[in-house]
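Read off the chains here:
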Amino acid sequence: MDFEQENKVWVIGHKNPDTDSICAAIAYADLQNHLSETKYEPKRAGNLNEETKFVLRKFKKKAPAYVDDVRTQVKDIAFRRTIGVSSGISLKRAWEIMTTSNVVTLPIVDDKNEFIGLIVNNDIAESLMDVLDTEILAEARTPYQNMIETLNGSVLVGNAHGLFITGKVTVAADSLPMAEENIEQDDLVILSDRESMQKCALKHNVSCMVVCGGTQVSKDIIVEAQDKECVIISTPYDTFTASRLIMQSMPIKQCMRQRNLTKFVIEDVVDDVKEVMSKARHRDFPILDRDGKYIGMISRRNLLNMQKKRVVLVDHNEKQQAVHGIDNADILGIIDHHKIGSLETPVPVMFRNQPVGCTSTIIYQMYQENGVKVSKQIAGLLCSAIISDTLLFRSPTCTHLDQAAAAELAKIAEIENIEQYAAEMFRAGSNFKSKTTEEICHQDFKTFNAGEIQFGVAQISAMNREELDEIKERVLPYQQEMMEEKQLQMMFIMLTDIFHESTELVCMGEGADEAVERAFHKQKMNDGFRLRGVVSRKKQLIPELLDAIQSMQQM
């Protein structure tokens with residue numbers, strides 16, 4: 001039976017998330033959960049930096065779950081929750097389940113619900129058509145319980161939960177001499193109500209007698225069968241019908257498929273699943289959870305009903321900054337404060353972009369516009385994001401709206417001294433001693449395009465110059481490796497002194513030095529360019545670099 005995919009939307013910021021992208025995602029999800037019946041969940045597309053961790057701890061908020069891909073996965077599809085069956089059930093029972101469930105394939109699981117095989121309706125048909133071996137029931141170690149169910153019978157003597165493990169299946173006809181000749185020790189004998197035939201079978205020490213016609217068995221026969229540990233099953237069917245049905249009691253493990261089976265995990269991407277399915281002959285495939293447990297079946301038809309992941313993007317609107325697979329997601333909205341970027345959507349979406357210093361300022365406005373009260377916890381997150389993105393109002397991107405919002409939010413969050421709190425935040429963010437060079441360079445990194453040139457800019461901020469000088473010695477050797485990893489033509493690292501409102505820009509790549517010289521009319525000193533008053537990547541650095549690089553390409 002198909003299941004309904006949970007109605008939910010992910011709110012997610014850019015890769016290498018900063019405090020604004022994380023807090024904006026949490027706050028916008030909270031706002032929408034007050035306004036909509038749809039469930040909104042904040043997510044993150046990268047590792048948290050120390051500053052953001054500090055903020056989340058301060059206001060006792062759990063970090064959003066990490067996602068690295070928003071392409072449609074198996075779990076986004078309404079697949080069939082077909083229950084797995086035991087390998088011990090009979091062929092007849094398996095066929096009945098297929099018929100009532102309107103399926104042609106059954107998954108087979110063990111007692112821990114781990115997938116062990118498949119059986120297809122053709123396997124059942126072929127097994128019954130090809131059986132010529134009269135010892136096949138014993139080879140399959142057929143449970144007597146299967147025979148009882150298949151023959152609609154009852155056990156008169158013996159253990160119904162035992163197994164038929166040796167001997168052949170024999171039908172004892174009306175000829176007693178022929179029966180004497182054919183019946184052997186440990187056989188399973190199908191016979192009528194003739195007591196002489198029953199005694200003949202017991203004389204040969206058979207394992208089981210199937211007495212047909214639903215007739216009574218004499219007390220003498222029952223006592224003798226008990227003495228010889230012979231199972232007696234009574235069935236209402238005649239000998240012909242019983243002999244035809246008995247083979248259907250064989251357990252499905254005898255003909256199930258176990259090798260080279262194609263199966264999928266709930267996290268598998270649908271594009272990959274489609275490719276595998278196109279090369280497979282069968283039409284139904286098992287689905288396993290992360291722990292390898294069986295949970296359902298999927299077919300090509302199910303792929304027609306897949307639901308793309310629905311997302312709202314905050315604090316970015318460029319494809320290269322978005323989580324992997326964004327082209328395959330259903331973007332419902334974008335809330336940002338950066339320049340309009342490269343993302344395209346097939347249909348119109350809610351797009352809110354304002355020239356303010358922080359996305360969280362916009363989201364606070366949305367709380368006010370919708371009349372939703374901001375909690376102390378959310379207020380603390382939004383205020384922290386504004387402090388971070390505006391460098392405590394020092395950034396040229398900061399507007400009076402940011403400052404007013406931060407002041408109001410600080411009151412709600414009970415932040416008594418905003419400057420003192422900002423200093424604590426920035427100190428937490430500039431604690432680089434426990435971080436690797438790779439972590440430092442990636443914690444606030446973005447890529448940009450200028451014509452055919454792709455370049456990256458990492459910003460590392462600290463409260464004093466001495467700390468930045470130590471970081472510089474570590475990051476300089478790593479620049480080349482980072483350029484190659486990201487496949488960039490140029491690489492820039494901003495070493496920003498928050499207190500003195502200045503940046504030392506170190507760069508690498510053909511033409512990188514020339515681009516900085518053109519943009520800022522500065523000469524390189526001690527491996528970098530000293531840019532006084534430059535603290536904003538978005539407003540002060542990127543526009544100038546883009547103009548400079550593009551002008552170089554036109555020469």
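To be clear, the structure that these remarks concern was listed above.
Bear in mind the structure is a predicted one, so any value in this text is a computation, not a measurement.

## Points about the sheet that holds strand 9 (residues 169-171)
Read across the open sheet, the five strands follow the order 7-12-11-10-9; overall the sheet is mixed. Two strands in the sheet have a free side with no partner beyond their single neighbour: strand 7 (154-157) and strand 9. The average undirected angle you get between the axes of adjacent strands in this sheet is 25°. Taken together, the three bridges between strand 7 and strand 12 (residues 231-234) define a ladder with antiparallel strand orientation.

## Side note on the pairing of strand 11 (residues 208-211)
Taking every second residue as pointing to the same face, both faces of strand 11 are buried, with C208 and V210 on one and M209 and V211 on the other. Bridging between strand 10 (residues 188-191) and strand 11 involves four bridges; their strand directions are parallel. Within the sheet, the bridge partner assigned to I190 lies in strand 11 and is V210. Judged from the four bridges that link them, strand 11 and strand 12 form a sheet pairing that is parallel. Considered in strand 12, the bridge of C208 is made with V231. In terms of handedness, the path from strand 11 via helix 9 (residues 219-227) over to strand 12 forms a crossover that is right-handed.

## Here's the deal with the sheet that holds strand 14 (residues 284-288)
Ordered in space as 13-14-15, the three strands form an open sheet in which the pairing is mixed. In this open sheet, the two strands that pair with only one neighbour each are strand 13 (264-265) and strand 15 (294-299). In this sheet, strand 14 lies alongside strand 13 in parallel orientation, the contact comprising two bridges. Each bridged residue has a counterpart across the sheet, and for V265 the counterpart in strand 14 is L288.

## So, a negative patch on the surface
A cluster of acidic residues, E438, E439, E481, E484 and E485, forms a negative patch on the protein surface. With three residues, helix 18 (residues 479-486) is the largest single contributor of residues to the negative patch. Along the chain, E481 falls in helix 18.

## Comments concerning helix 1 (residues 19-35)
Between its first and last C-alpha atoms helix 1 spans 24 Å; for 17 residues at 1.5 Å apiece the expected length is 24 Å, and the two agree. Taken across its 17 residues, helix 1 has 13 buried, putting it largely inside the fold.

## Let's talk about the packing of helix 1 against helix 2 (residues 50-58)
At a closest axis distance of 9 Å, the pairing of helix 1 and helix 2 adopts a crossing angle of 35°. Contact residues: T19, I22, C23 and I26 in helix 1; E51, T52, V55 and L56 in helix 2. Per-class residue counts for the contact of helix 1 with helix 2 are five nonpolar, two polar and one charged.

Thresholds applied
Residues numbered from 1 in each chain as written. Predicted model: local features only at pLDDT ≥ 70, side-chain atom pairs only at ≥ 80, totals over all residues. Heavy atoms only, no water. Pairing = 2+ DSSP bridges. Helix = DSSP H or I, 4+ residues; strand = E, 2+ residues; numbered from the N terminus. Axes fitted to C-alpha atoms, helices over the stretch in contact; angles between N-to-C directions. Buried < 20%, exposed > 50% of the residue type's maximum accessible area, 1.4 Å probe, protein only. Right-handed = clockwise from strand over helix to strand, strands pointing away. Patch = residues over 30% accessible without salt bridge, like charges linked within 9 Å, V, L, I, M, F, W, Y side chains within 5 Å. Areas by Shrake-Rupley, 256 points an atom, 1.4 Å probe, with all protein chains shown as cover. Salt bridge = Lys/Arg side-chain N within 4 Å of Asp/Glu carboxyl O. Lys, Arg positive; Asp, Glu negative; His and termini not counted. Charge placed at Lys NZ, Arg CZ, Asp CG, Glu CD. Expected span 1.5 Å × (residues − 1). Contact = heavy atoms within 4.5 Å. Nonpolar A, V, L, I, M, F, W, Y, C, P; charged D, E, K, R; others polar.

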